[in-house]
Amino acid sequence: MADSLPTEFDVVIIGTGLPESILAAACSRSGQRVLHVDSRSYYGGNWASFTFSGLLSWLKELEPDSEAGDRSLAAWRTLIRDTEEAIALRGQDDTIQHVEVFRYASEDGGDGAEEMGALQRNPSSEASSTLAQPLDPACPSEETHPDSTSPETPARDTPQPDGDISAEVTDGEENQVTGEDGGGQTCVHPASGGAEDENKPAAEDGPDPPRRTRITYSQIVKEGRRFNIDLVSKLLYSQGSLIDLLIKSNVSRYAEFKNVTRVLAFREGRVEQVPCSRADVFNSRELSMVEKRMLMKFLTFCLDYEQHPGVLEDRDVTRRPFSEFLKTQKLTPNLQHFILHSIAMAEPSCSTVDGLKATKHFLQCLGRYGNTPFLFPLYGQGEMPQCFCRMCAVFGGVYCLRHRVQCLVVDKESGRCEAVIDGLGQRISAKHFVVEDSYLSRETCAGVRYPHISRAVLITDRSVLQAESDQQVSILTVPPSGPGAPAVRVAELCSSTMTCMKDTYLVHLTCPSARTAREDLEPAVQALFTPSTEADTDTGDLGKPRLLWALYFNMRDSSGVSRTSYRGLPANVHVCSGPDCSLGNEHAVKLAEALFQHICPGEDFCPPPPNPEDIIFDGEDKPPEAPGTSDIIMAKLEGPEGSQNPESPGQHPQN
């Protein structure tokens, strides 16, 4: 039980985000005694993935609870000795702000909504009503992720799909749910009048346009366990640091991946596929023969641009934005757009050197696991922290969810943190302490100014670019809508990624925050999608997918905060940041490795686990190695892309 935890560890880690989980696995693998705790009931923190009902429960948890800290403040204060001082930790997460939820799909009056924890509809049908109803009290309080108050071994928390559903044809109305700034109370407001007649005559058979599959809100709620909705949208570069770490540590055996099948571009109101490989370039119908030659010549230059000293030594070139540099390379506007937004995936103001680096990295990642540079973990990004938590547990790490840490205990004389006091009043000592940024109090973070990330999660009924196969995983960049506006990154996931139900797509939008998430992202949403209420007919606007449900929120970005910006933290207290706005996971891996070198200087970072056949127990002699065994193992790790089809969902990364 959690009340009988050991009182001494080498490392105590608070928070189960990706950097903390990688660090916990590395420390445990090097022989450190690790305690890994989280006050939440699920793994991952802001890196987590939720089923649909779990996401609604998460939204409800964002409501502030001002009494929680007051009830326990006096209790732990009495446990501090005269020679010590305490640094209080935050009990309420305030990294999520400006939450807004929109329901566009029709309700369909089924009972499944309440059973799965849906938002309660306001019975009023007047659009001008100002009364706000709270979330349905019947909403399930338990999370869809594993929860425990005792030491445990992390296990897969995401249920597997268990069958297909049949779509129903109904019309509906739109409801809006808004949250106050800083994660305030979430309320439901009626957004339209009464529902229209649901019994519409069926279209006659014949050479009519294809009918849309109607998805209702009740279906989404009923099949909510098919969804795995990420709080942060990330992809894995096939030559990125996270893939290398997964292979090196053999943590890749805990996860499966699907390669991103398409890179798209949005230009002049149209979505087009970007040719990535040499074969794609010459098979593309969007490019003329002259453009194909121009593109291949420029991409060849980017692969070895360091070998052209004239480019890097020219200060006018290096100081010039990448978008201006592209104009000097005799590229057509079409090619400039493809390279800037879909290959380099850079802002127009990005420097030339950074743009060339990004383009080179993109090209180097091509072909390792598929036709694009990216992989996506099945069941969502939330699988990544859990994979490393499993590795930590295998090597003896102790895990406690729903286990709050009240404060850090600092010795006044030495200035070092000696222990933590948990929610049960237990004092736990350690040599090093790692705290996720969201747990630090307002006083500790008083000198920090955080940027934010604007996020949107959409459920749609079609892909933004129709293809012969409906199982496409796409990445798309929408250029800035105006001066000062950010470019919006769009990741579209199909049902074969195990993140959404059949006949739907899960779409993630991300950009640096300039205003609220809805204000930043709504122009891109309107350019790509049509609200369900505006597509009532069977044919609808077949040029755009229909929007069924939408969530907007702002997430705090602590990735650029310096350690010295926090007030009063002892030297043996290390801070892990939350998710950043970039597409990859490089920052999380670099942060975890840097902290590991502080804690375990000179140790190998996440080395491969030992082969069970090579483990020597006391009193035993090492058995002779079979001839050729070592060669066979190396051939398996260093072979080409592997025997599996890179398109298959069961792909595991290999060197």
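Up top you'll find the structure we're talking about.
Owing to the predicted nature of the structure, the values given are computational and were not obtained by experimental measurement.

Scoring rules and cut-offs
- Residues numbered from 1 in each chain as written.
- Predicted model: local features only at pLDDT ≥ 70, side-chain atom pairs only at ≥ 80, totals over all residues.
- Heavy atoms only, no water.
- Pairing = 2+ DSSP bridges.
- Helix = DSSP H or I, 4+ residues; strand = E, 2+ residues; numbered from the N terminus.
- Phe/Tyr/Trp six-rings, centres within 6.5 Å; stacked < 30°, edge-to-face > 60°.
- Core = buried A, V, L, I, M, F, W, Y, C linked by side-chain atoms within 4.5 Å.
- Buried < 20%, exposed > 50% of the residue type's maximum accessible area, 1.4 Å probe, protein only.

To continue, consider the sheet that holds strand β9 (residues 236-237). On the basis of which strands lie adjacent, the open sheet formed by 3 strands has the order β9-β13-β10 and antiparallel pairing. Single-partner strands in this sheet number two, and they are β9 and β10 (257-259).

For any pair of aromatic rings, geometry is given as the distance between the ring centres together with the angle between the planes. On inspection of all chains with the given rule, the structure shows 14 aromatic pairs. With 6.0 Å between their ring centres and 70 degrees between their planes, Phe52 and Tyr217 make a pair best called edge-to-face. Of the two residues, Phe52 sits in helix α2 (residues 52-61) while Tyr217 sits in helix α5 (residues 217-222), which places them 165 residues apart along the sequence. An angle of 85 degrees between the planes, with centres 6.0 Å apart, marks the rings of Phe102 and Tyr552 as edge-to-face. Taken together, the residues span a long stretch of sequence, with Phe102 in strand β5 (residues 96-103) and Tyr552 in strand β24 (residues 546-556) at a distance of 450 residues.

Take the nonpolar core next. In terms of nonpolar packing, the biggest core is built from 71 residues, with Phe52, Trp58, Phe298, Phe374, Trp549 and Leu551 touching the most fellow members. It is helix α8 (residues 289-303) that provides the largest number of residues to this core, a total of 6 residues. Of all hydrophobic cores here, the second largest spans 46 residues; its members include Leu236, Leu242, Leu401 and Ala588.

Phi at Tyr379 is positive, roughly 75 degrees, even though this residue is not glycine. Considering the arrangement of structural elements, one finds Tyr379 in the loop between β13 (374-377) and α14 (383-394). In this model, Cys606 sits at a positive phi of 50 degrees, which is unusual for a non-glycine residue. Position of Cys606 relative to the elements: it lies in the loop between α16 (586-599) and α17 (629-638).

A separate point is the pairing of strand β11 (residues 262-267). Burial of β11 is extensive: 5 of the 6 residues sit out of reach of the surface. Examined bridge by bridge, β11 and strand β20 (residues 474-478) share 4 bridges and lie parallel to one another. The residue of β20 that forms the bridge with Leu264 is Leu476. Where β11 meets strand β12 (residues 270-273), 4 bridges bridge the pair, whose relative direction is antiparallel. In the sheet register, Leu264 faces β12, and the bridge partner there is Gln273.

Remember that the coordinates give geometry; whether it matters functionally is a separate question.
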